[in-house]
2 protein chains.
Amino acid sequence: MTNIRKVAELADVSVATVSRTLKTPDIVSPETRDRVLAAVEKAGYRPNMMAVQFRSQRTRNLVVLVPTIANTFFARVIGGIQEAAQRRGYGILLCNTLGDERTERAYAGMVSTRQADGLIQLRAYDPFTTLNGQERPPMVNVCEVLDEAPCPTVKLDNRAAARAVTEHLLSLGHHRIGMIKGPRNSPLTRDRLLGFQDALAAAGLTPDKSLWCPGDFTPPSGHRAAGDLLARTDPPTAIFCENDEMAMGAMRRIKEAGLRVPEDISVAGFDDIAFASYCAPSLTTIAQPAEDFGHEAVSLLLDIIDDRDDAADQHRIMPFELVVRESTGLAV
Amino acid sequence: MTNIRKVAELADVSVATVSRTLKTPDIVSPETRDRVLAAVEKAGYRPNMMAVQFRSQRTRNLVVLVPTIANTFFARVIGGIQEAAQRRGYGILLCNTLGDERTERAYAGMVSTRQADGLIQLRAYDPFTTLNGQERPPMVNVCEVLDEAPCPTVKLDNRAAARAVTEHLLSLGHHRIGMIKGPRNSPLTRDRLLGFQDALAAAGLTPDKSLWCPGDFTPPSGHRAAGDLLARTDPPTAIFCENDEMAMGAMRRIKEAGLRVPEDISVAGFDDIAFASYCAPSLTTIAQPAEDFGHEAVSLLLDIIDDRDDAADQHRIMPFELVVRESTGLAV
DNA sequence: CAATGTAATGTAACCGGTTACATAAACACA
DNA sequence: TGTGTTTATGTAACCGGTTACATTACATTG
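Residues numbered from 1 in each chain as written. Chains lettered and ligands numbered in written order. Predicted model: local features only at pLDDT ≥ 70, side-chain atom pairs only at ≥ 80, totals over all residues. Heavy atoms only, no water.

(A) Just the protein's contact with DNA strand D, in detail. Neighbouring DNA strand D are 26 residues, the closest being R5(A), S19(A), T17(B), T32(B) and R55(B). One of the side-chain nitrogen or oxygen atoms of S19(A) is found 2.6 Å away from a phosphate oxygen of DNA strand D. A distance of 2.9 Å separates a base nitrogen of DNA strand D from a polar side-chain atom of R55(A). Residue assignment for the surface near DNA strand D shows that the elements contributing at least two residues are α1 (4-11), α2 (15-23) and α4 (49-56) of chain A together with α2 (15-23) and α4 (49-56) of chain B. (Near = heavy atom within 4 Å. Polar contact = N/O pair within 3.5 Å; in protein donor to acceptor, adjacent residues only side chain to side chain. Helix = DSSP H or I, 4+ residues; strand = E, 2+ residues; numbered from the N terminus.)

(B) Fine view of the packing of α4(A) against α4(B). Contact pair α4(A) / α4(B): the axes reach a minimum separation of 9 Å and the direction vectors enclose 150 degrees. Between α4(A) and α4(B), the angle falls in the class roughly antiparallel. The chirality of how α4(A) crosses α4(B) is left-handed. Residues M50(A), A51(A), Q53(A) and F54(A) of α4(A) pack against M50(B), A51(B), Q53(B) and F54(B) of α4(B). Here the contact of α4(A) with α4(B) is built from residues that sort into six nonpolar, two polar and no charged. (Axes fitted to C-alpha atoms, helices over the stretch in contact; angles between N-to-C directions. Parallel < 35°, antiparallel > 145°, perpendicular 65-115°, else oblique. Left-handed = near helix turned anticlockwise from the far one by under 90°. Contact = heavy atoms within 4.5 Å. Nonpolar A, V, L, I, M, F, W, Y, C, P; charged D, E, K, R; others polar.)

(C) Main features of the relation of the copies chain B and chain A. Rotating chain B by 180 degrees about the axis while translating it 0.0 Å along that axis superimposes it on chain A, leaving an RMSD of 0.1 Å. Taken together, the turn and the small shift mark the pair as related by a two-fold rotation axis. Taking C-alpha positions as reference, the residue of chain B nearest the rotation axis is L93(B), located at 2.2 Å. Here 100% of the contact residues of chain B are again contact residues in chain A; the copies associate through an equivalent surface. (Least-squares fit on C-alpha atoms with pLDDT ≥ 70 in both.)

(D) Layout of the environment of F240(B). Residues and elements named next belong to chain B. For F240, the location among the structural elements is in strand β8 (residues 238-241). Residues F240 and I286, spaced 46 residues apart in sequence, show a C-alpha to C-alpha distance of 11 Å. For F240, the contacting residues outside a window of four places in its chain are A162, V165, T166, L169, I177, G178, M179, I180, F196, A268, G269 and F270.

(E) Representation of the interface of chain B and chain A within the structure. In this assembly, 54 residues from chain B lie in contact with 55 residues from chain A. When the buried area of chain B at its contact with chain A is split by residue, M50(B), R252(B) and Y278(B) rank highest and sum to 17% of it. One can count two salt bridges joining chain B with chain A. For the pair chain B and chain A, the number of links is 16 residue pairs in polar contact (both at pLDDT 80 or more). Secondary structure elements with two or more residues in the side of chain B that touches chain A: α4, α5 (72-87), β2 (91-96), α6 (101-112), α9 (219-230) and α10 (244-256) of chain B. (Buried area = accessible area lost by both parts, 1.4 Å probe. Salt bridge = Lys/Arg side-chain N within 4 Å of Asp/Glu carboxyl O.)

(F) Region of interest: the pairing of strand β5 (residues 153-156) of chain A. Inspection of the sheet shows strand β4 (residues 139-142) of chain A paired to β5(A) by two bridges, in the parallel sense. Within β5(A), the residue paired with V142(A) across the bridge is V154(A). (Pairing = 2+ DSSP bridges.)

(G) Highlighting the sheet that holds strand β9 (residues 266-268) of chain B. All names here are of chain B. Judged by pairing direction, the sheet is parallel, and its four strands sit side by side in the order β7-β6-β8-β9 without closing on themselves. Unpaired on one side and paired on the other, β7 (212-213) and β9 mark the two borders of the sheet. Across the face of the sheet, helix α7 (residues 158-171) comes into contact with β6 (177-180), β8 and β9 while running at roughly 170 degrees to β8. Together, β6, β7 and β8 form the strand contacts of α9, whose direction differs from that of β6 by roughly 150 degrees.

(H) Quick look at the protein's contact with DNA strand C. Taken together, 26 residues lie around DNA strand C, and T17(A), T32(A), R55(A), R5(B) and S19(B) are the ones closest in. For DNA strand C, the backbone makes up 50% of the atoms found within 4 Å of the protein, where backbone means sugar plus phosphate. A distance of 2.6 Å separates a phosphate oxygen of DNA strand C from a polar atom in the side chain of S19(B). Grouping the amino acids of the surface near DNA strand C by side-chain chemistry returns 12 nonpolar, eight polar and six charged.

So, in structure tokens, the structure goes:
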């Protein structure tokens, strides 16, 4: 391994001069600089970043905890995180947690032990709770956000967005609307459910909780839930799914039952994943600026890491847009 | 920051004893061990991993270069990589390269500069070509693999799989089969095209190259290509798409033209992504053990890193399976 | 000319662990 | 009791950069 001392020897200067030539070339005389650069070239020298990081106590890595990378929406958010991080000279250490808190804490430990400078969590869980006494490592909570987050957050106004979807369905004449929810205990699911109820209440309707089905954000769970709704003697005329993956599963199930979307039953999703506009019928949904979630998260996290004063208590709400496509139509 | 010296002071022992207590407790006397562990606890000591890594010249990180994380198949492969890496005590540094060679080389540099111990490349490009003289850093090439790869590889027998799909279409009576290809210059696309031709040749048919359309593995490109095929005076009776994303785009376009799948035209994909069984009609495709690609890649890479002798020239072929669903039917 | 300033470079401490080697104490055996 | 062996612990070098401080040479100024 060629190191800075070998280069120094080759150029017949001290290691300090080599270091300066590479980091602050302007304080080195032109002749020396040329000599050192030639030696660097000749030796094929690349600074050992572990030494640099160790010395500076900065890794320029960020840990990203994602419940499941297989979810198309999260994949977009990660893309945004990666892009923003790369632009600012940071790398990302990805962890597909599958919602397992032990795994999350283990990866969060990489920040405590200085393998990374900060953490972005895409789920409503604080992996640093156990930490007592010690200072909180830099963290940002994005997408699915804790209610009393001990760190900056970036989220959608899920309640308002769910209300917008529901109002759209109501405006089409739907009164019995089924709901396929996300995992219980998720603030995100709770907020979307609240928005759904807000809209019903505003329309003077009382919600029928028997039309609420549990799901887990995967297509199979949407498929199953839709089956339950269709098996009723009084099936709903529309189904609001808390994400597009479940909506696609639900649409599949509806067609298997010999019914048409939206003629017999309307379906709405949430997230506007790439397939939402390419499935048949295309899906009415809520578009979210997924990549921007990532950009914001990185920006806030680096603010904390570089401790810019105002960073600690920022809470960003990202804009949404109701995208009406073919899967929702007038109630029968 | 509490470090090993503080703990040593607290326990009234040397730093060596603290280190030994944590790494090789059996060579420390029970009394001392207890005293040290108490001090560790009291100080809330966590070893600084940067120092450990620096000392051992091992980061236990692996760089993963993925053309686009938004591709559902790659997302599964990454999931597999992450799982296997985690099990073996390694973290993964993800880079969404978007196929940009500069970005790939930049991230590959993290291995040369010791920020990571090895690299997994999911695209047919060797980011270490420029490297002259120096030893090749540990690397494995997975999924889309270089023909003369300078490292172990893991891939599908794309030619045989494409042939299987084509034979399936031929067996249904299709003679004019459109092809929606992946990016030019990709060995993967070339092999799938070869398999396609193999099947035609075996059936005594001469391929009509005007039925081959370029695509880029995204739904919009499949949508566009299908439009081109349908606009012909003699459109094909079946379309073979080189991945499921494009197949979904193509099916969408076919329906927009007022045609039915598979009654009017059959469509086959490749990869068997989650949505393949949930779209309507469900998609005939090639199933690949995506997660296993990741597992194999990690296993081979760690073999090189720990330089186990036989590791350097391993080339694994993963199994495929033709999954016949609703999107392919008898030719009209 | 002496005093002072400035530019270029060198010396060595430092980051926080790990570990080879040294040392000391306890024990075994003749 | 003396010698050799084992066990437990300490000392300090080391990994490869960065940088405060020291040093040297030379220019500027009164």
